[in-house]
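Fold and contact review
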Amino acid sequence: MKCGQVLGLIISPTRELSSQIYHVAQPFISTLSNVKSVLLVGGVEVKSDVRKLEEEGANLLIGTPGRLFDIMERMDLLDFRNLEVFNWIPLYKHLYMGW
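Overview of the structure. (Residues numbered from 1 in each chain as written. Predicted model: local features only at pLDDT ≥ 70, side-chain atom pairs only at ≥ 80, totals over all residues. Heavy atoms only, no water.)

**Things to note about the layout of surface pockets**
Rules: Definitions used throughout: a 1 Å grid over protein atoms alone; a cavity as a set of points that fits a 1.4 Å probe which cannot get out; a pocket as an open set with protein on both sides within 12 Å along at least five of seven lines; a lining residue as one with an atom within 4 Å of a point. Grid points are joined across faces, edges and corners, and a volume is the space filled by probe spheres set on the points. Following the grouping adopted for this structure description, the nonpolar residues are Ala, Val, Leu, Ile, Met, Phe, Trp, Tyr, Cys and Pro, the charged ones are Asp, Glu, Lys and Arg, and the polar ones are all others, Gly among them.
Of the volumes computed, that of the largest pocket is approximately 160 Å³. In the lining of the largest pocket, the residues fall into 7 nonpolar, 2 polar and 1 charged.

Have a look at this one:
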C-alpha cells in the first residue's frame, strides 16, 4: 500500500474531539500492517502537517474540516481513489445530546 493512498477519512467538528478519536484509535491502528494515521487539526502550523505527510505519508486522515480541506487543496500527493471508510461526525448530534 502506498503511503499517500488514503483508505479512511474521519472528520469531526473540533480539534479536541479529533484528538480524542486519534488517540483512542491508535491501539487499533497499530495492529494493522502498512496503515499509518495522522491527526490534522488547526492550531498547528499547516506547513508542518504538509511536511509530515510528504515525508511519512498516511492512509487514515483524522481531523477537522478546515484543516483537511486545506491539506487537500495544498497537496497532490494524497490519493483518494481507494477510500473505503468515510466518517463525518456532525456537530448537531453533539448539541442534541447536550454537549
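**Notes on a nonpolar patch on the surface**
Basically, it comes down to this: A residue counts toward a patch only above 30% relative accessible area and without a salt bridge, and it is joined to like-charged neighbours within 9 Å or, for Val, Leu, Ile, Met, Phe, Trp and Tyr, to nonpolar neighbours within 5 Å. Per-residue and other accessible areas were derived by the Shrake-Rupley procedure at a 1.4 Å probe size, with only the shown protein chains allowed to occlude residues. By definition, a salt bridge exists where a carboxyl oxygen of Asp or Glu is found within 4 Å of a side-chain nitrogen of Lys or Arg. Runs of H or I in DSSP of at least four residues are treated as helices and runs of E of at least two as strands, each being numbered from the N terminus. When a residue's accessible area, from a 1.4 Å probe over protein chains only, is under 20% of the maximum for its type it is buried; when over 50% it is exposed; and in between it is partly exposed.
A cluster of nonpolar side chains, Leu83, Phe86 and Trp88, forms an exposed patch at the surface whose accessible area comes to about 310 Å². Of note, leucine 83 is situated in the loop between α3 (65-74) and β4 (85-88). A relative accessible area of 33% places leucine 83 in the partly exposed class.

**Overview of the sheet that holds strand β3 (residues 60-63)**
Quick reminder of the rule: When DSSP locates at least two bridges between a pair of strands, those strands are taken to pair. To get an axis, fit a line to the C-alpha atoms, keeping to the stretch in contact for a helix; angles then go from 0 to 180 degrees between the N-to-C directions. Residue contacts are counted whenever heavy atoms from the two residues lie within 4.5 Å of one another.
Across the sheet, 4 strands lie side by side as β2-β3-β1-β4; this open sheet has parallel pairing. Every interior strand has two partners, whereas the edge strands, β2 (37-40) and β4, have only one. Across this sheet, the average inter-strand angle for adjacent strands is 10°, counted without regard to direction. Taken together, the 4 bridges between strand β1 (residues 8-11) and β3 define a ladder with parallel strand orientation. The residue of β3 that forms the bridge with isoleucine 10 is isoleucine 62. Along the sheet, helix α1 (residues 15-29) contacts β1, β2 and β3; its crossing angle with β2, the most-contacted strand, is approximately 175°. Each of β1, β2, β3 and β4 touches α3; the most contacted strand, β1, lies at about 140° to it.

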